[in-house]
Amino acid sequence: AGYTVTSVALRGDSEIPPSEAVARLTAQGVDAICVIAPRSSSLASLREGGRGIPVLIVKADDDPHFLTLSVDQAQGAELAVDHLVALGHRDIVHI
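Residues numbered from 1 in each chain as written. Predicted model: local features only at pLDDT ≥ 70, side-chain atom pairs only at ≥ 80, totals over all residues. Heavy atoms only, no water.

K.L.:
Explain the side chain of Lys59 residue by residue, including any values.
P.N.:
Looking at the element boundaries, Lys59 is found in the loop between β2 (55-58) and β3 (67-69). A relative accessible area of 17% places Lys59 in the buried class. In contact with Lys59, other than residues within four places in its own chain, are Pro38, Leu43, Thr68, Leu69 and Ser70. (Helix = DSSP H or I, 4+ residues; strand = E, 2+ residues; numbered from the N terminus. Buried < 20%, exposed > 50% of the residue type's maximum accessible area, 1.4 Å probe, protein only. Contact = heavy atoms within 4.5 Å.)

Structural data, given as structure tokens:
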């Protein structure tokens, strides 16, 4: 459909600061940014440099500055255990 995806991975020891990653993405003319498990420094960079670009944040709690998507970890665990029990498993361990 004419879409492409650009991925930027930032680690704690990354040579690229979050502000530079946001600048690179906006320079490419991206239509939106999706950030998974953001650090607070990444969110600050998006607030400062990502103006005018829709941003989706995937993290546990809401953020008033961005559209936020979260996963209900407790319900996911409950559904997984229920599924295993329904299959007949009785000794279930989570590591």
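Here the narrative resumes, following the displayed structure.
K.L.:
Describe the nonpolar core, naming the residues involved and giving the relevant values.
P.N.:
General note: in soluble globular proteins, nonpolar side chains tend to be found buried as a group. If you look at the biggest cluster of nonpolar residues, it comprises ten residues: Val22, Leu25, Ile33, Val35, Leu43, Leu46, Ile53, Val55, Ile57 and Phe66. The set of elements that each furnish at least two residues to this core consists of α1 (18-27), β1 (33-36), α2 (40-49) and β2. (Core = buried A, V, L, I, M, F, W, Y, C linked by side-chain atoms within 4.5 Å.)

K.L.:
Run through the pattern of salt bridges, naming residues and quoting values.
P.N.:
Taken as a whole and judged by the stated rule, the model has two salt bridges. Linking Lys59 and Asp61 is a salt bridge whose minimum nitrogen-to-oxygen distance equals 3.7 Å. (Salt bridge = Lys/Arg side-chain N within 4 Å of Asp/Glu carboxyl O.)

K.L.:
Explain the sheet that holds β2 to me, using residue names and the numbers behind them.
P.N.:
Pairing within the open sheet is parallel, and its three strands lie in the order β1-β2-β3. Where the open sheet ends on each side, the last strands, each with one partner, are β1 and β3. Neighbouring strand axes in the sheet, compared pairwise and without regard to direction, differ in orientation by 20° on average. Where β1 meets β2, four bridges bridge the pair, whose relative direction is parallel. By the bridge assignment, Ile36 is partnered in β2 with Val58. (Pairing = 2+ DSSP bridges. Axes fitted to C-alpha atoms, helices over the stretch in contact; angles between N-to-C directions.)

K.L.:
Break down helix α3 (residues 73-86) for me, with residues and values.
P.N.:
Turn by turn, an α-helix covers 3.6 residues, leaving residues three or four places apart pointing in a common direction. Spanning 14 residues, α3 covers 20 Å between terminal C-alpha atoms, matching the ideal 20 Å at 1.5 Å per step. N-capping of α3 is provided by Asp72, with a side-chain oxygen placed 3.3 Å from the backbone N of Ala74. Two residues or fewer past α3, Gly88 is found with a positive phi of approximately 100°. (Expected span 1.5 Å × (residues − 1). Polar contact = N/O pair within 3.5 Å; in protein donor to acceptor, adjacent residues only side chain to side chain.)

K.L.:
Requested: an account of the environment of Cys34, with residues and values cited.
P.N.:
Among the structural elements, Cys34 can be located in strand β1. With relative accessibility at 48%, the residue Cys34 sits in the partly exposed group. Cys34 sits 20 residues away from Pro54 along the chain, and the two C-alpha atoms are 8.6 Å apart. Beyond its immediate stretch of four places on either side in the chain, Cys34 contacts Leu56 and Val58.

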